[in-house]
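An overview of the molecular structure
Chain by chain, the residues run as shown.
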Amino acid sequence: MKSSRLTRGLVALASLSLVAAACGSDDADTAATTAPTTVQSTAPAATTGDTAGVTDSSKICDTDGLVAAVQGGTAAGTLEGMANDPVATAASNNPVLTTLATAVGAAGLGDTLNGAEALTVFAPTDCAFANLDPATLKAALADPTGLLTTVLGFHVLPERLSSEELVKKDSYQTFTGETLEVSKDGDTITIGGGQAKILVPDIQTANATVYLIDTVMIPPSVSGAATDDTMTDDTMTDDSMTESSTSDSSDDTTAEGAAGDSSTICDADGIVAAVEGGD
């Protein structure tokens, strides 16, 4: 990505230990002393000094707060200013999309997005990325051209749609060919099978309509692959599942987190422990 603003975003995120651990790049080592990205709040400063009025963008999660932060930032990153640049560049100037801009750069998608003629982009905010399971984020960053590209591509439609046009259909084909579901309840639009809610709609860039959303969506190819393979296996009858569960509970691998009824393992730590404790 050619934007100098995006380059600074890449340096900022590279300073996080998560990215350093996942990617191990020389760039991350170079940027180890760079401070996390912050945005300027429009709220009156409670204190004086250089840090007055500065807010962590990862904690701005509501619509009003997002709009205030965006409009209180640099001119190029405001709702009006983003209209002057193609979408990846515009996102890199937006103070609440710093993590997304960095992820796009890591996946090498900046030029692709900037060069597209017409797109719809569902942009997870910094708050959305902060709420993403750390293990998922680490895995995605460790595989920028694979898993990360798959996840990011699920947030892009290869056509430009306003919010009025978007809700006319209940599903669309994404940038990567997967199906993204759309639903509306009153004034609320949800996408990705209810995974995410649109917080700020219809932000215009030079080549895309952008929607700020509250969650990083996981595409069906990632979230459903293991479950679909397991449930369609002819050998997985109810009896065999029960027998397997009973056998696992007495196995020596219990201490490694692999044993027990897998249908009751619902949290990230438990799932990772069970997977790593299996064969």
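Going by the structure above, here's the rest.
First things first, this report covers the structure right here in the doc. Predicted model only: the values in this text are computed from it and were never measured. The numbers attached to residues start from 1 for each chain and follow its sequence in the written order. Predicted model: local features are reported for residues with pLDDT of at least 70 only, side-chain atom pairs are reported and counted for 80 or more only, and whole-chain, interface and lining totals are derived from all residues. To get the side-chain values, all heavy atoms of the structure are used, and hydrogens and water are removed first.

Think of an α-helix as 3.6 residues a turn; residues three or four steps apart then line up on the same face. Working definition: with a 1.4 Å probe on protein chains only, accessible area under 20% of the residue-type maximum means buried, over 50% means exposed, and in between means partly exposed. Secondary structure elements follow DSSP: runs of H or I no shorter than four residues count as helices, runs of E no shorter than two count as strands, and numbering proceeds from the N terminus. For helix H4 (residues 63–71), the full list of buried residues reads Leu66, Ala69 and Val70. Buried residues in H4, looked at end-on, bunch into an arc of 95 degrees, giving them a common side. The backbone nitrogen of Asp64 lies 3.4 Å from a side-chain oxygen of the residue at the head of H4, namely Asp62. In this description, the arc belongs to the directions extending from the helix axis to the C-beta atoms. Between N or O atoms, a polar contact is any pair within 3.5 Å; within protein, one atom must be a potential hydrogen donor and the other a potential acceptor, and residues adjacent in sequence are included only when both atoms are from side chains.

Buried and open spaces are told apart on a 1 Å grid over the protein atoms alone, a cavity being a set of points where a 1.4 Å probe fits but cannot get out and a pocket being an open set with protein on both sides within 12 Å along at least five of seven lines. Residues with an atom within 4 Å of a point are the lining residues. Grid points are joined across faces, edges and corners, and a volume is the space filled by probe spheres set on the points. Scanning the model with the defined rule gives two cavities of 30 Å³ or more in all. As a volume, the largest cavity reaches approximately 170 Å³. If you trace the largest cavity, you find 19 residues lining it, with Leu100, Val104, Leu113, Val121 and Val156 closest to the centre. Three categories are distinguished: nonpolar for Ala, Val, Leu, Ile, Met, Phe, Trp, Tyr, Cys and Pro, charged for Asp, Glu, Lys and Arg, and polar for the others, with Gly belonging to the last. Split by residue class, the lining of the largest cavity holds 17 nonpolar, two polar and no charged. Around the second largest cavity, the lining residues are Phe129, Leu132, Thr136, Leu137, Ala140, Leu148, Val151, Leu152, Val216 and Ile218. Secondary structure elements with two or more residues in the lining of the second largest cavity: helix H9 (134–142) and helix H10 (144–153). Partitioned by chemical class, the residues of the lining of the second largest cavity number nine nonpolar, one polar and no charged.

Let us now look at the packing of H9 against H10. Viewed as axis vectors pointing N to C, H9 and H10 meet at an angle of 125 degrees, and their least axial separation amounts to 6 Å. On the basis of the axis angle, H9 is oblique to H10. Of the residues in H10, those in contact with Ala139, Ala140, Leu141 and Ala142 of H9 are Pro144, Leu147 and Leu148. For the contact of H9 with H10, a count of residues per class yields seven nonpolar, no polar and no charged. For every element, the axis is a line fit to its C-alpha atoms; helices are fit only across the contacting stretch, and the angle between N-to-C directions ranges from 0 to 180 degrees. Oblique is the label for any angle not covered by the other classes, which are roughly parallel (under 35 degrees), roughly antiparallel (over 145) and roughly perpendicular (65 to 115). By definition in these notes, contact holds between two residues if any of their heavy atoms fall within 4.5 Å.

Bringing the sheet that holds strand E3 (residues 119–124) into the picture now. Here we have seven strands laid out as an open sheet, ordered E4-E3-E9-E8-E7-E6-E5, and mixed in their pairing. Each of the sheet's edge strands pairs with one partner strand only, and the pair in question is strand E4 (156–157) and strand E5 (171–173). As defined by bridge partners, E5 adjoins strand E6 (residues 179–185) across three bridges and the pair is classed as antiparallel. Bridged to Gln173 within E6 is Thr179. By the convention used here, strands pair only if DSSP detects at least 2 bridges between them.

Taken residue by residue, H10 has Leu148, Thr149, Val151, Leu152 and Gly153 as its buried positions. For H10, the secondary structure elements touched by its buried residues are helix H6 (98–106), H9 and E4.

Side-chain atoms within 4.5 Å are what join buried Ala, Val, Leu, Ile, Met, Phe, Trp, Tyr and Cys residues into a set we call a nonpolar core. Core analysis: the biggest nonpolar cluster contains 38 residues, and Leu113, Leu152 and Leu212 have the highest contact counts within it. Once residues within four sequence positions are removed from consideration, Leu212 is found in contact with Val96, Leu97, Ala123, Thr125, Lys197, Ile198, Leu199, Val200 and Ile203.

Time to look at the environment of Leu141. Considering the arrangement of structural elements, one finds Leu141 in helix H9. The exposure class assigned to Leu141 is buried, which follows from its relative accessible area of 6%. Once the C-alpha coordinates of Leu141 and Ala103 are considered, the two residues, 38 residues apart in sequence, prove to be 7.6 Å apart.

A few words on unusual backbone geometry. Here the phi dihedral of Asp202 falls at roughly 55 degrees; this positive angle occurs in a residue that is not glycine. As for its placement among the helices and strands, Asp202 is situated in strand E8 (residues 196–204). With relative accessibility at 29%, the residue Asp202 sits in the partly exposed group.

A few words now on the environment of Gly115. Its place among the elements puts Gly115 in helix H7 (residues 110–115). Take Gly115: its relative accessible area is 62%, and that puts it in the exposed class. Each C-alpha atom, one on Gly115 and one on Pro86, is 7.7 Å from the other, the two residues being 29 residues apart in sequence.

The next subject is the pairing of E8. On any regular strand, side chains alternate: one points to one face of the sheet, the next to the other face. Note that strand E7 (residues 188–191) and E8 share two bridges and pair antiparallel. Residue pairing for E8: Ile191 is matched across the bridge by Ala196. From the end of E7 to the start of E8, which pair antiparallel, there are four residues, and Gly192 there has a positive phi angle of about 70 degrees. The antiparallel hairpin formed by E8 and strand E9 (residues 208–213) contains three residues in its connecting segment.

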